[in-house]
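# Chain and residue survey
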Amino acid sequence: MNALNSAIQSVVQTMSSRDIAGLTGKEPFHVKRDCETMFRELDLDPKGYIQNWIHPQNNQTYIEYMLPRDLVETLITGYSIKLRHAVLNRLRELESY
């Protein structure tokens, strides 16, 4: 994560697309695809949300998206009620730090 992303995250609480995948049971690449669809529909530049993630087992670098609360909520409203509930609980947990 670069210094700018770190500074932004210290002001705006975000959740990663990888974290959303873990909570919803979806594959990370499916959540990433859903994020990209959302960015297109909302006319947002995905570059502002990209963060590199390095897999601890193979040291390969993958792209994940760091989403603010409004975009997390926008993304998950298309998912099931149980999944929405799990992600909203995680957002509240992140906000309590």
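Placed above this text is the structure.
Residues numbered from 1 in each chain as written. Predicted model: local features only at pLDDT ≥ 70, side-chain atom pairs only at ≥ 80, totals over all residues. Heavy atoms only, no water.

A separate point is the packing of aromatic side chains. Inspection of the entire model under this criterion finds 3 aromatic pairs. Taken together, a centroid distance of 5.0 Å and an interplanar angle of 15° make the contact between Phe39 and Tyr49 stacked. Taken as a pair, Phe39 in helix H3 (residues 28–41) and Tyr49 in the loop between H3 and strand E2 (50–54) lie far apart in primary sequence, 10 residues in all. The two residues Phe39 and Tyr49 agree in class, both being buried. Taken together, a centroid distance of 6.2 Å and an interplanar angle of 40° make the contact between Trp53 and Tyr62 tilted. Owing to a relative accessible area of 23%, Trp53 belongs among the partly exposed residues under this scheme. Among the aromatic residues, ring-to-ring pairing joins Phe39, Tyr49 and Tyr65 into one connected group. (Phe/Tyr/Trp six-rings, centres within 6.5 Å; stacked < 30°, edge-to-face > 60°. Helix = DSSP H or I, 4+ residues; strand = E, 2+ residues; numbered from the N terminus. Buried < 20%, exposed > 50% of the residue type's maximum accessible area, 1.4 Å probe, protein only.)

Everything listed is a geometric property; what it means functionally is a separate question.
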